[in-house]
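Summary of the model geometry
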Amino acid sequence: MSSTGNGGGGARRAGSGGSAAARARLRRGPRPAQPQPPAGRRRGEAPAPDAPPPDQAAPPLVVVDAAPPAGIRSRPGRPFPGGPGPEPGAPGDHNEGNLLDVVRVAIAILDTAGRVVLWSPAAEELLGWPSELLVGRRIDELIPDEEQVGRIRAAIQDTLRHGRWAGPAELRDRDGAPVALDARISLLVDGDGTPFLQVNLAEAGAVRAVERDLAVRDALFEQSPLGIAILDTDLRYTAVNQTLAEMNGMATEDHVGLTTGETLPERAADEITAIQRQVLATGEPVIDVTLASPVTARSGYRSISYSRMTDRAGRVLGISGTVMDVTERYRAVAKVEHARRRLSLLNEFGSRVGDLLDASRIAQELAGAVVPRLTDHSAVILLQAVAHGDDLPRHGHDRRTSLLQLGTASVQDGPEVEVMLRRGARITFAEDSACGRVLRTGVPELLSGADQLDDVTYPGDPKMQAAHDLGVHSMLVVPLRARGIVIGLLLVSRAGYREGFDRDDLAFTVELADRAGSSLDNARLYARERTAALTLQRTLLPQQVPQPTGVEVAYRYVPGSSGTEVGGDWFDVIPLPGDRTALVVGDVMGHGLRAAATMGRLRTAVRVLAALDLPPDVLLRHVHELADDLAQGPDEALLATCVYAVFDPATARLTVAKAGHIPPVLIVPGEGAEEPTRNGGPLPGGAGRILDLPSGAPLGVGGVPFEAVELKIPEGSLLALCTDGLVESRDKDLDVGLGRLVTVLQQPHASIQAACEAVLDTMEQGREPDDVALLLARLGHGQAGTPTAGWTLPAEPTAVSRARRLVRATLAEWGVEALTDTAELLVSELVTNSVRYASAPIGVRLTLGETLLVEISDPLPDPPRERHAAEADEGGRGLELVRRLALRWGARAEGMGKVVWFEQPLPGNEPDEP
């Protein structure tokens, strides 16, 4: 049987209604299994009562545009599969879940009179009529509307004339419900030339759904602004839309049959192919992966998404992918991220230099912060005044301006980097160079190219030659400003393949430089104030420390590390009459210039009272009584600690008193130690101990009496006085620090100076940032060979003449007879006063050192008072004679009594007459 488009022959045979033999041949063909009868009727039963009889006129064919009623043997339409199915006979090949299952096509064969010759199983399933009920009956009987019968007959006639016809139709199923169909009629001719009509019927709703899905597919595929691709299981393109073709720079038809690797450059295709294989193998979709665009018609960035495709039966058909040009979005996000990173850099730099008050460290932090995130090489150049804490220059900058390169950083090392970025180098420049212009005007400059880079400092600068060798091609010269004054320069440069600077980079660098300029100016002010505070404090400390007889002294003073907040620590060494020495260490509570000034007043008060040769406890009591006058202000009380010690080398006695201060440490040489040496000799070490003294209240507190302790000191002992900054720490007790001090001083040292350094080296790293004052004194028994003589006389009138004879004989023995007359006179006056007012034995002692020292002691504690005698008075001139004839004189308390002393210069050492 063959189809023909010639409707003439078919028309001539239509009237005969077809031969029975032809109908038999058509019906002898193999028949598939009969479909299940509709619900409520078994196969072989009589037709339903409402079924049309064979001889009843068939209703006409009706054209319907509406979709079929819901639930009438209709399955919802499915989207267009998008790819070929598996080969016939392949594993899993079956008739369920494919396109024919979505759009069921029923086939019927009619003769030219419209009678059913063949009714397919699909038609039985579609309308519910079994073939045994319809074969031989007119198709008109299934038309529910009689008015449309003429239309179906006209369609048959049109098919006989033209060979085909297509249009909507409406048939009645076995239950009597109308079914909207889409009909296709074709003319067939068997081998005998007998015409037949092949009718293809499909549910109109399913056809409409497929058409709608195809329209949606066309709209999404062809009209979508996204690039869309369909690939088979071999990852070869089966379809691409025009958008993707334009992205890849190839025609749509050129993609078909090719893989991604054959359409894109190798580097871009490898990454995409790996993603495609992963999606095809796992079924897990990949969504919105951003990749750099390949070098094709469009460059930039793309977002790709892939998902695996399966048919209704679950068979894998391939993968589908969408490609979107996200260059603008990527650049916008990159711009936001770029701004975020720069804001992070500003915040990070601010936190790193926020607590720094050293210009050199700030400069180095600034140079390191911009490498490598902003630049490849950086240098921070500052005015010398900023680095040293001096005042800013009032005049403009010129080529004589002194600049120092204090901060450098680079992404690489090498000799060229060392030449270009040598830290601490002095920078010179020409006035018309980029550095000169920026220093004068404060306007930043962006330089690029060899010609502009040669103009940074001066022609022939080795630093710029090194920059050329490093491949520097872009540079920013930005001023560091403070209060409108340019205090330095920030130079950043990029080299190699890195993109050159732009205006955004310049604006950001200016912002960073402005923040750094404020920090640098704060550091300059800090350095200036700190220098002023330290200068004040050092001027208040001893400028020259004497080395008294029998005592070797070493000291160290370490300022605190808390900036201008200098402390009130101080020390002093005061020579006293009789070759005695006062050793003082004190600490004024608080910090700052006011504490330093109070320390100066307190030190002056102690020196003045020490000149009166007061005992240590008495001296501290007098200083305490002056607390209100020595205070920092009317609303602030004086609060200070002090330890005051007096050493007499003639008697080897040490008298110590303290006012709330840290106790002294005494190191006594061991019994097997050699004879201690003095004046720079080594320290043998020994056994150390902390002196147990009455603590006393701090000066200005009161309520606790000051008590002095007298000790007999072995030859060569080491006495250590210090402030609490040396031994205190945040997390340890004071005893730990004192124990560490004792441990260090017990060790042998090359000298007393070396012992000082060893003590400072053991300071706790976590200690409070307080000042440290340390005073070490090696105590001896006076100079070897110093002549000394002493006697004890009764408090009787004969004591005066005896004292004169003893003095005359002793001075003659020592060979200093020139001192005899004056010494006899003054001794006679002082012994006479003791005999007159004292009732206990009187002591007389002579010491011949650099001067002749004469000491008269008695048990009366009241010091002598000088009187101005009238011309007629017989007495009252003894102390006046002592004052006029002696080099120095004075009185001090000793035990329960006192000692009155005077000194006479040796022959040849007399002071000039006033």
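Our structure's up above, just so we're on the same page.
My aim in this report is to walk through the structure given alongside it, one point at a time. (Residues numbered from 1 in each chain as written. Predicted model: local features only at pLDDT ≥ 70, side-chain atom pairs only at ≥ 80, totals over all residues. Heavy atoms only, no water.)

**Focus on the side chain of Ser433**
Rules: In DSSP terms, a helix is any run of H or I states spanning at least four residues, a strand is any run of E spanning at least two, and both are numbered starting from the N terminus. Under this definition, polar contacts are N or O atom pairs within 3.5 Å; protein pairs additionally need one hydrogen-donor-capable and one acceptor-capable atom, and for neighbouring residues in sequence, both atoms have to be side-chain atoms. Only heavy atoms matter for contacts: two residues are in contact if any of them lie within 4.5 Å across the pair.
In this fold, Ser433 is placed in the loop between β14 (426-427) and α16 (434-441). Looking at Ser433, its side chain comes within polar contact range of the main-chain oxygen of Ala430, at 2.5 Å. Residues contacting Ser433, with those up to four places away along its chain left out, are Asp455, Val456 and Thr457.

**Considerations on the nonpolar core**
Just so we agree on the cut-off: Grouping buried Ala, Val, Leu, Ile, Met, Phe, Trp, Tyr and Cys residues that are joined through side-chain atoms within 4.5 Å yields what is termed a nonpolar core. Only protein chains enter the calculation, and the probe is 1.4 Å; a residue is then buried if its accessible area is under 20% of its type maximum, exposed if over 50%, and partly exposed in between.
Leu382 and Leu480 are the most contacted members of the largest nonpolar core, which has 64 residues in total. Ranked by the residues each element gives to this core, the list is headed by helix α19 (residues 503-540), at eight residues. The contact partners of Leu382, leaving out residues within four places of it in the chain, are Ala359, Ala363, Ser402, Leu403, Leu404, Leu406, Leu480, Ile487, Gly488 and Leu520. Grouped together as the second largest cluster of nonpolar side chains are 54 residues, Trp570, Phe571, Ala659 and Leu711 included.

**Quick look at the pairing of strand β32 (residues 897-905)**
Put simply, the test is: By this definition, two strands are paired if DSSP reports at least two bridges between them.
Taking burial as the measure, the nine residues of β32 include nine buried ones, the bulk of the element. Both faces of β32 are covered, namely the face carrying Gly897, Val899, Trp901, Glu903 and Pro905 and the face carrying Lys898, Val900, Phe902 and Gln904. Pairing geometry for strand β30 (residues 851-858) and β32, over eight bridges, is antiparallel. Each bridged residue has a counterpart across the sheet, and for Leu852 the counterpart in β32 is Gln904. Pairing of strand β31 (residues 888-894) with β32, which is carried by seven bridges, proceeds in the antiparallel orientation. By the bridge assignment, Arg892 is partnered in β32 with Val899. Hairpin connection, β31 to β32: the antiparallel pair is bridged by two residues, and Gly895 has positive phi, about 65°.

**Here we look at the packing of aromatic side chains**
Selection criterion: By convention, a stacked pair of Phe, Tyr or Trp rings (six-membered ring in the case of Trp) has centres within 6.5 Å and planes under 30 degrees apart, an edge-to-face pair has planes over 60 apart, and any other such pair is tilted.
As enumerated under the stated definition, the model contains two aromatic pairs in all. For the pair Tyr301 and Tyr330, a centre-to-centre distance of 3.7 Å together with 25° between the ring planes defines the contact as stacked. Of this pair, Tyr301 sits in strand β10 (residues 301-310) while Tyr330 sits in helix α12 (residues 327-353); the two residues are 29 residues apart in sequence, bridging distant segments of the chain. A relative accessible area of 25% means that Tyr301 is categorised as partly exposed.

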